[in-house]
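Notes for the structure review
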Amino acid sequence: MGEVRPIVHVGDPVLHTPCEPVTRFDDELRELVDDMFASMYAANGVGLAANQIGVPLRVFVYDCPDENGANHKGVVVNPTLELPGLGQRRLDAGEEGCLSVPGQFAPLPRPDRATVHGFDAEGRPVTVEGTSMLARCLPHETDHLDGYLYSERLPAKRRKQVLAAYEAAKAAG
Ligand SMILES: [Zn+2]
């Protein structure tokens with residue numbers, strides 16, 4: 001059972017800096033993964049990157065439905081993202097949100113399928129293929145580890161609206 005750690009919000013440098021690759025698949029890593037699952041569930045999220053709890057390592061966890069409503073759960077260490085080629089790419093125009101920009105959502109087109117290659121917490125290779133919400137989750141979490149938030153992929157006007165609404169909600173307590 002992991003420990004729930006506080007979620008870091010937009011503006012904290014750890015969210016805006018690329019994370020370091022994991023080099024040791026040890027108990028410390030497995031403890032981090034347990035804490036990430038606990039923190040994700042406590043925040044009602046479907047995915048969480050390590051830097052969202054302040055740890056600058058390339059690890060994310062997810063527990064997210066696909067297009068058939070079936071839940072997929074796992075961890076990916078040192079992920080690399082693979083999207084369909086431009087010719088085969090179909091965009092899903094759904095809304096996106098992020099635990100690090102709490103309470104805000106905005107439409108963000110993403111490819112309707114995505115694949116991530118990486119390792120599990122024991123260092124074994126894993127490949128995760130996603131459709132629907134999972135296809136949105138995999139690039140969202142990989143972006144986090146590269147130091148980007150989904151809000152940075154929004155058109156400038158929408159990005160400002162999202163951040164202003166977040167600031168207003170925070171100021172209102
Ligand atoms: Zn996020």
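What this report covers is the structure whose coordinates are included nearby. Because the structure is predicted, anything quoted here is derived from the model rather than measured. (Residues numbered from 1 in each chain as written. Predicted model: local features only at pLDDT ≥ 70, side-chain atom pairs only at ≥ 80, totals over all residues. Heavy atoms only, no water.)

**Describing the sheet that holds strand S9 (residues 125-131)**
If you walk across this open sheet you meet the five strands as S1-S2-S3-S8-S9, and the pairing is antiparallel. Two strands lie at the open edges of the sheet, namely strand S1 (47-49) and S9, each paired on one side alone. On average, adjacent strands in this sheet sit at an angle of 35° to one another, irrespective of strand direction. The pairing of strand S8 (residues 113-119) with S9 spans seven bridges and is antiparallel. Its bridge partner being in S9, His117 is matched across the sheet by Thr127. Contacting S1, strand S2 (59-65) and strand S3 (71-82), helix H1 (residues 27-42) crosses the sheet at an angle of about 40° to S2. Along the sheet, helix H2 (residues 132-145) makes contact with S1, S2, S3, S8 and S9, crossing S2 at roughly 165°. (Pairing = 2+ DSSP bridges. Helix = DSSP H or I, 4+ residues; strand = E, 2+ residues; numbered from the N terminus. Axes fitted to C-alpha atoms, helices over the stretch in contact; angles between N-to-C directions. Contact = heavy atoms within 4.5 Å.)

**A closer look at the environment of Tyr150**
Here Tyr150 shows up in the loop between H2 and helix H3 (156-171). A C-alpha to C-alpha distance of 9.3 Å links Tyr150 and Val101, two positions 49 residues apart in sequence. Once residues lying within four places of it in the same chain are set aside, the contact partners of Tyr150 are Glu96, Gly97, Cys98, Val101, Gln104, Phe105, Ala106, Leu108, Arg110, His140 and Val162. Within the structure, Tyr150 has its side chain in polar contact with the backbone oxygen of Gln104 (distance 3.4 Å). (Polar contact = N/O pair within 3.5 Å; in protein donor to acceptor, adjacent residues only side chain to side chain.)

**A closer look at unusual backbone geometry**
Look at Asn78: it is not a glycine, yet its phi comes out positive at around 50°. By the secondary structure assignment, Asn78 is in strand S3. Look at Asn78 and you get buried, because its relative accessible area is 18%. With a phi angle near 55°, Ser132 is a residue other than glycine that sits in the positive phi range. Tracing the backbone shows Ser132 in helix H2. With a relative accessible area of 30%, Ser132 lands in the partly exposed category. (Buried < 20%, exposed > 50% of the residue type's maximum accessible area, 1.4 Å probe, protein only.)

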